[in-house]
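Reading the structure
Here's the letter readout for the chains.
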Amino acid sequence: MKEYNPLSTKDMQRLLQAKKAARKAQEQRRSKRREFIEDFVGHHWGPDGTGRDDRTPLNLRELAISIYSWSLVAQMPQVMVESVFPEMRAIAADLQADANTKYRDIQLAEVLEEIVLDAMFDRGIAKVAVNEYDGAYDIGEETIYTARATIARVSLDHFVYDHTANAFRDVSFSGDRYEIDWDDLNNDEEANKKVVNTLTPTVRPGRDEVGAEAFEPIEYEMQERTDEKYREVIEAWDIWLPRNKLVLTMSDQQPTPIKITDWTGHKKGPYFTLGFQKVPDAITPLSPSDLLKDLDDLQNKLYNKAAEDALEQKDVLGYSGEAADDAERIVGAKNREAIRMDNPGKVAEYKFNGADPRTVAASIQAKNDFDFMAGGLSILGGMGPSSETAAQDKLLSQQASKRLEFMRQRVESFTQEVLTALMHFDYTDPLLDRHFERKVAGTQITVPARLTAERIGNVDMNFLFKITPHSMQYESPQARNAKMWQMLDRVSANPMFAQAGIMPNLEYIMRQTAQLLPLHDLDEMFIFRSAAETPGPDTSRGPASPPQTHRTYERVNRPGATQQGHDQTMQALLSGAGVQDANAGAVGRMIS
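Residues numbered from 1 in each chain as written. Predicted model: local features only at pLDDT ≥ 70, side-chain atom pairs only at ≥ 80, totals over all residues. Heavy atoms only, no water.

Details of the overall build of the chain
The secondary structure content of the chain amounts to 20 helices and 14 strands. Evaluated residue by residue, the chain yields a buried proportion of 38% over its 592 residues. Taking all contacts inside the chain whose residues are at least 6 apart in sequence as the whole, residues at least 24 apart take part in 70%. Here the chain displays about 35,900 Å² of accessible surface, and carbon together with sulfur accounts for 52% of that area. (Helix = DSSP H or I, 4+ residues; strand = E, 2+ residues; numbered from the N terminus. Buried < 20%, exposed > 50% of the residue type's maximum accessible area, 1.4 Å probe, protein only. Contact = heavy atoms within 4.5 Å. Areas by Shrake-Rupley, 256 points an atom, 1.4 Å probe, with all protein chains shown as cover.)

Spelled out as structure tokens, the structure:
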């Protein structure tokens, strides 16, 4: 098969036509994503209420997406480097320490958080490339400048891909639109100067070949843009061609590429996509917004209708002619004031309009259905138990986390791919020579370390890069402290550890506990002595406790107030059905 020639006018025209067709085909999905984002931000966000038109008193989608995002990417992922070769394990430890420091510097966690948020509305897109200065080396009289790998989030509005493929791994091209500083482009030695000289820089956002607005923040999409950028830029495309291992840098102003770069990075190329639910024979994933939009819209429509009816409710006092004086006295009376009534039977209170109990019940049912479709959102968000017993709650929590665990596996697999691409860039540099310090595991001691290309060798063959399991999940100081003491209990209860000479460092554990809780007056609360200063047990007084003890366990059942029980009782009360006194009383208690 004839290879694509980027310098051929015929091949370039075919690529540009395919790119234009792809952008046009993807316009519907871009519009749907914008609609999802408007629903997410609600009615009042942005200038002049850029969000959705109708009110969203209960923005359930924002709640669901916030809980998902926080549960999936709460902190920086930790890199774990392994090697099957024993002689390479010390180098693997150095790579692991260097990578975790380096990727914290490029704000990897923040970029991943943005990409995961994008995946809530369609898909998240990451671009891994070398585009940042990282130092210089002097070789003889020549200075060699090096760059490091970076990761960037790509918006779907600025992305293009071969829409005829059924999976992203099968696309014949993909790319993204971005801005290049005009001065930087003129100073780029790899750029085609003849092409650059034909380009015109701009200070205002333009439109692409299908009329899509470029780099338009969503909060300004409903306003006419007249503002200008601080510096002149060129709006360019990077187009990745997998078969040719080429990256073309192009502008819509000129069909000839500005720059043609041989790809030396990860075999999958510069672009990585994150989607949560695959669809057979389709490249577009099914996002959480696709699943939850209808129920969220239904619930808010019912809620708004019930609220409008409730606000229109009228309470009036009706009376017959001879009871006019009684009516006046009732209206003017204070609360619990005694008044005279000559015709009490001819004065009555009447209610008109008001919220329909069936509408309120349907709104509550829609909210419960949303919770169900979101995978047990109230449990995932820690918003109180949904059952009557702790054992049932634990079982429900395990089942509810199935959806979240599925999403977490997707995010971790995506993050591992991105990190592998980053490390391929960073540690295949033939001029690599990095000096740093790393901490010895289990101690506070730091030792000097050095990574060179010669020492690492073939990074793809010698090492395996992984994400430390669940390292992106948030763990509270209290939970970490509980884990530490739980491990201490297990070690203390198992004589095997003592026989092997493994003893807990109680002072370290106490000081860690003081830092996590925190307890700043630990040294005033306890006196720490060395083992030699610690007196042995006093056995002269016999056993410190009786040889036998007796315990009595008493189980007391107290009716609780759960969200599910609260909603069911409210529906019964509003519809006029009878409820038990205990259930009616639980409505007034705080949901625990």
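Describing a nonpolar patch on the surface
Taken together, the side chains of Val279, Leu286, Leu291, Phe372 and Met373 present a nonpolar region at the surface, about 410 Å² in accessible area. Residue position: Met373 is located in helix H10 (residues 357–373). (Patch = residues over 30% accessible without salt bridge, like charges linked within 9 Å, V, L, I, M, F, W, Y side chains within 5 Å. Salt bridge = Lys/Arg side-chain N within 4 Å of Asp/Glu carboxyl O.)

Digging into the confidence of the model for the chain
For the chain, mean pLDDT is 81; residues scoring 70 or higher make up 76% of the total. The secondary structure element of the chain with the lowest average pLDDT is helix H20 (residues 581–586), at 60, and the one with the highest is strand E9 (residues 271–274), at 96. (pLDDT = per-residue confidence, 0-100.)

Comments concerning the sheet that holds strand E6 (residues 233–241)
One open sheet holds the 5 strands; their spatial order is E4-E5-E6-E7-E8, and the pairing between them is antiparallel. Edge positions in the open sheet fall to strand E4 (159–161) and strand E8 (254–262), since each of these has one partner strand only. Each adjacent strand pair in this sheet contributes to an overall mean axis angle of 30°, direction not counted. Where E4 lies against strand E5 (residues 174–181), 3 bridges are found, and the strand directions are antiparallel. Counterpart to Tyr161 in the pairing with E5 is Ser174. (Pairing = 2+ DSSP bridges. Axes fitted to C-alpha atoms, helices over the stretch in contact; angles between N-to-C directions.)

Description of H10
If you check H10, its first and last C-alpha atoms are 24 Å apart, about what 17 residues at 1.5 Å a residue would give, namely 24 Å. When we look at burial in H10, the residues that qualify are Thr359, Val360, Ala361, Ser363, Ile364, Ala366 and Phe370. One side-chain oxygen at the N-terminal end of H10 lies 2.9 Å from the backbone nitrogen of Arg358; it belongs to Asp356. Of the residues flanking the end of H10, it is Gly375, one or two places downstream, whose phi is positive at about 90°. (Expected span 1.5 Å × (residues − 1). Polar contact = N/O pair within 3.5 Å; in protein donor to acceptor, adjacent residues only side chain to side chain.)

Quick notes on the pairing of strand E14 (residues 464–467)
Taking every second residue as pointing to the same face, the buried face of E14 carries Phe465 and Ile467, while none of Leu464 and Lys466 on the other face is buried. Examined bridge by bridge, strand E1 (residues 79–82) and E14 share 4 bridges and lie antiparallel to one another. Residue pairing across strands places Met80 opposite Lys466, the latter belonging to E14.

Focus on the pattern of salt bridges
As enumerated under the stated definition, the model contains 41 salt bridges in all. Of the charged contacts, one joins Asp122 and Arg123 as a salt bridge, the two residues approaching to 2.5 Å between their closest N and O atoms. One salt bridge in this structure joins Arg340 and Asp342, with 3.1 Å as the shortest N-O distance. In this structure, a network of salt bridges that share partners links the residues Lys32, Glu35, Asp39, Arg61, Lys293, Asp296 and Asp297.

Some thoughts on unusual backbone geometry
Within the chain, Lys245 stands out as a residue other than glycine whose phi angle is a positive 55°. Mapped onto the fold, Lys245 is located in the loop between E6 and strand E7 (246–251). Residue class for Lys245 comes out partly exposed when judged on its relative accessible area of 36%. Positive phi is not limited to glycine here, since Arg336 has a value of about 65°. Checked against the element boundaries, Arg336 lands in the loop between helix H9 (324–332) and strand E11 (347–352).

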